[in-house]
Amino acid sequence: MDNHIRLAAFQWLEQQVMLFEDEILPRNVLEEGFIYQGKRITLMGPKGIWKPKSIELPISITTTSESPYKDEITKDNFINYRYRGNDPHHSDNLGLREAMNKQVPLIYFLAIAKGKYLAAWPSYIVGDNIEKLTFIVAVDEARYLTEEELQDQKEVYVRRSYLTSTIKTRLHQRSFREKVLTAYQNQCALCRLRHRELLDAAHIIPDPEELGQPIIQNGLSLCKIHHAAFDNNIIGITPDYIIKIRGDILEEIDGPMLKYGIQSLEDKKIILPSHKKHWPDRDRLDQRYEIFRNAV
């Protein structure tokens, strides 16, 4: 029965990911769960290690933004997940240890903001460090859940290491978007468009560079057209938050989209977050504006 419920939970999660924007799932939906053969299966609860009443072993583990435990990536790209409390024999820890011994697939939820989560499944407990009070978690691909052939263990290790490492990237990307859009009150900083599905969190300094950290002060909430224009140096923003349009684009004659969507922004001021601490960093804007000027 446990295995059938888990597979149903994974299928239900796939549906939810398609329904919700940017793969971000609300906590209330996960706490509500779904009905399986007349029974409600909840995927999240008040404890980080969660086991619904209908199954014997935990179905999910959660890292929240308010968690007192520090979960982190290991040097092998796996995840250190802290025990519940300091007792290795706590019932929740025993449940995860049994899930490890039986290699039972779990769901790993990671908070990107209060009440909003990324889900990674199937996840497995692949190690147990009693001295450090941590389990080691690895993420795999759903297609291997029903794989009957014996898999090469080295290949499994490498695959899981890579897949788990991508979780950190996904977490940073989704968290950055959520924080930037919230700071800008879910509107484009250039044109006030308020449809979240058409908004991006644009980096002022690109991610790989030294000042490219995923922080609000290195971000701008832009609609997709203005994001593309900013990234391609059609639009520049001065350190004083003034919008500039590339000279050749200003002289171009095309149609209403170019005229009203881009050209009309010349010399206007961007819409700033309500909290000054979230305003774009002037030094980063200065560095980026110099690139824009050289592209003119």
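About the cut-offs
Residues numbered from 1 in each chain as written. Predicted model: local features only at pLDDT ≥ 70, side-chain atom pairs only at ≥ 80, totals over all residues. Heavy atoms only, no water. Helix = DSSP H or I, 4+ residues; strand = E, 2+ residues; numbered from the N terminus. Buried < 20%, exposed > 50% of the residue type's maximum accessible area, 1.4 Å probe, protein only. Contact = heavy atoms within 4.5 Å. Salt bridge = Lys/Arg side-chain N within 4 Å of Asp/Glu carboxyl O. Phe/Tyr/Trp six-rings, centres within 6.5 Å; stacked < 30°, edge-to-face > 60°. Lys NZ or Arg CZ within 6 Å of the ring centre and 35° of its normal. Pairing = 2+ DSSP bridges. Core = buried A, V, L, I, M, F, W, Y, C linked by side-chain atoms within 4.5 Å. Polar contact = N/O pair within 3.5 Å; in protein donor to acceptor, adjacent residues only side chain to side chain. Arc of directions from axis to C-beta.

**Considering the overall build of the chain**
Scanning the chain for helices and strands turns up eight helices and 14 strands. Taken along the three principal axes of its C-alpha coordinates, the chain extends 70 × 40 × 40 Å. Expressed as a percentage of the 296 residues in the chain, the buried residues total 47%. Of the contacts formed within the chain by residues at least 6 apart in sequence, a portion of 58% connects residues at least 24 apart.

**Side note on the pattern of salt bridges**
According to the stated counting rule, one finds 24 salt bridges in the structure shown. For Glu32, the salt bridge is made with Arg40, and the minimal N-O distance between the two is 3.4 Å. Here the salt bridges share partners, and the residues they tie into one network are Glu21, Lys116, Arg177, Glu178 and Arg196.

**Quick look at the packing of aromatic side chains**
All chains considered together, the criterion is met by six aromatic pairs. Relative to Phe135, the ring of Tyr83 lies with its centre 4.7 Å away and its plane at 40°, an arrangement referred to as tilted. Note that Tyr83 is positioned in the loop between strand S7 (79-82) and helix H3 (91-102) and Phe135 in strand S10 (residues 134-139), a separation of 52 residues in sequence. Of the two residues examined, Tyr83 and Phe135, each falls in the buried class. The ring of Tyr144 is capped by Arg159, whose NZ or CZ atom sits 3.5 Å from the centre of that ring. For the cation-ring pair, Arg160 lies above Tyr124, with the distance from its terminal atom to the ring centre recorded as 4.3 Å.

**What to know about the pairing of strand S12 (residues 219-223)**
Extensive coverage of S12 is indicated by the burial of five of its five residues. Of the two faces of S12, the one holding Gly219, Ser221 and Cys223 and the one holding Leu220 and Leu222 are both buried throughout. The pairing of strand S11 (residues 199-203) with S12 spans five bridges and is classified as antiparallel. For Leu199, the partnering residue across the bridge sits in S12 and is Cys223.

**Quick word on the nonpolar core**
In terms of nonpolar packing, the biggest core is built from 31 residues, with Leu190, Leu220, Leu222, Ile235 and Ile270 touching the most fellow members. For this core, the secondary structure elements donating two or more residues are helix H4 (153-183), S11, S12, helix H5 (224-231), strand S13 (235-237) and strand S14 (243-245). For Ile235, the residues in contact, after removing those within four places along its chain, are Leu190, His226, Ala229, Phe230, Ile243, Lys244, Ile245, Ile262, Leu265 and Phe292. Residues Ile5, Leu13, Leu30 and Phe34 belong to the second largest nonpolar core, which totals 23 residues.

**Quick notes on the environment of His90**
With respect to the element layout, His90 can be found in the loop between S7 and H3. Residue His90 is classed as partly exposed on the basis of its relative accessible area of 25%. One polar contact links His90 to Arg84, side chain to side chain, over a distance of 3.5 Å.

**Structural notes on H5**
Along H5, the residues that are buried comprise His226, His227, Ala229 and Phe230. Seen from one end, H5 has its buried residues packed into an arc of 165°, which puts them on one side. On its buried face, H5 sits against S11, S12, S13, helix H7 (256-261) and helix H8 (282-295). Of the residues trailing H5, Asn233 is marked for its positive phi of about 60°.

**Regarding the pairing of S10**
Across the six residues that make up S10, a large majority, five, are buried. Where S7 meets S10, four bridges bridge the pair, whose relative direction is antiparallel. For Arg82, the partnering residue across the bridge sits in S10 and is Thr134. Note that strand S9 (residues 116-129) and S10 share six bridges and pair antiparallel. Of the residues in S10, the one forming a bridge with Asp128 is Phe135.

**Comments concerning the environment of Phe292**
Inspection of the secondary structure puts Phe292 in helix H8. Discounting chain neighbours no more than four positions away, the residues touching Phe292 are Asn233, Ile234, Ile235, Gly236, Lys244, Ile245 and Arg246.

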